[in-house]
Amino acid sequence: EVQLVESGGGLVQPGGSLSLSCAASGFTFSTDNMSWVRQAPGKGLEWVSSITNGGGSTDYADSVKGRFTISRDNAKNPLYLQLNSLKTEDTAMYYCTRGWGAGVPRGQGTQVTVNS
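These notes cover the structure that comes with them. (Residues numbered from 1 in each chain as written. Predicted model: local features only at pLDDT ≥ 70, side-chain atom pairs only at ≥ 80, totals over all residues. Heavy atoms only, no water.)

1. Structural notes on the overall build of the protein
Point 1. Secondary structure summary: the protein contains zero helices and ten strands in total.
Point 2. If you list the helices and strands of the protein from N to C, you get β-β-β-β-β-β-β-β-β-β.
Point 3. A compact globule built from 116 residues would reach a C-alpha radius of gyration of about 13 Å, and the protein, at 13 Å, matches this within 12%.
Point 4. Taken along its principal axes, the extent of the C-alpha atoms in the protein is 40 × 25 × 25 Å.
Point 5. Residue burial in the protein is summarised as follows: out of 116 residues, 41% are buried.
Point 6. Sequence separation of 24 or more characterises 54% of the internal contacts of the protein that already satisfy a separation of 6 or more.
Point 7. Of the roughly 5,700 Å² that the protein leaves accessible, carbon and sulfur atoms contribute 45%.
Point 8. Between the averaged position of the 9 positive side-chain charges in the protein and that of its 9 negative side-chain charges there is a distance of 1 Å. (Helix = DSSP H or I, 4+ residues; strand = E, 2+ residues; numbered from the N terminus. Rg over C-alpha atoms; globule rule 2.2 N^0.38 Å. Buried < 20%, exposed > 50% of the residue type's maximum accessible area, 1.4 Å probe, protein only. Contact = heavy atoms within 4.5 Å. Areas by Shrake-Rupley, 256 points an atom, 1.4 Å probe, with all protein chains shown as cover. Lys, Arg positive; Asp, Glu negative; His and termini not counted. Charge placed at Lys NZ, Arg CZ, Asp CG, Glu CD.)

This is the structure we're talking about:
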């Protein structure tokens, strides 16, 4: 059974940082491209970032480019998202998904709230 378990969210002030993790199991993590998506209250799902299976290529939504960094550890199976210079508009539930681009979340997500 495929499982994706996100963690690391929290409450942070504008300009702050958070590190999100996604523990993957039930599939061969190292062969899959992976992505992060988010859903803000009352809004639809928004693609945030993707990374190729080997980690050699990444892409970011314009709204987070230069502030967020996606990475992965194929030896240990986690996917990461480093969030820096956070803004109030980054407040959302964050999910990791399989594949490149927007995908359907399987996990519970981790809540990021940016509020002064």
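2. What to know about the pattern of salt bridges
Point 1. Enumeration according to the criterion identifies five salt bridges in this entry.
Point 2. With a closest N to O distance of 3.0 Å, R38 and D90 form a salt bridge. Of this pair, R38 sits in strand β4 (residues 34-39) while D90 sits in the loop between β8 (78-83) and β9 (92-98), placing them 52 residues apart in sequence. One exposure class covers both R38 and D90, and it is buried.
Point 3. For K65, the salt bridge is made with D62, and the minimal N-O distance between the two is 3.3 Å.
Point 4. One salt-bridge network, in which partners are shared between bridges, spans R38, E46, R67 and D90. (Salt bridge = Lys/Arg side-chain N within 4 Å of Asp/Glu carboxyl O.)

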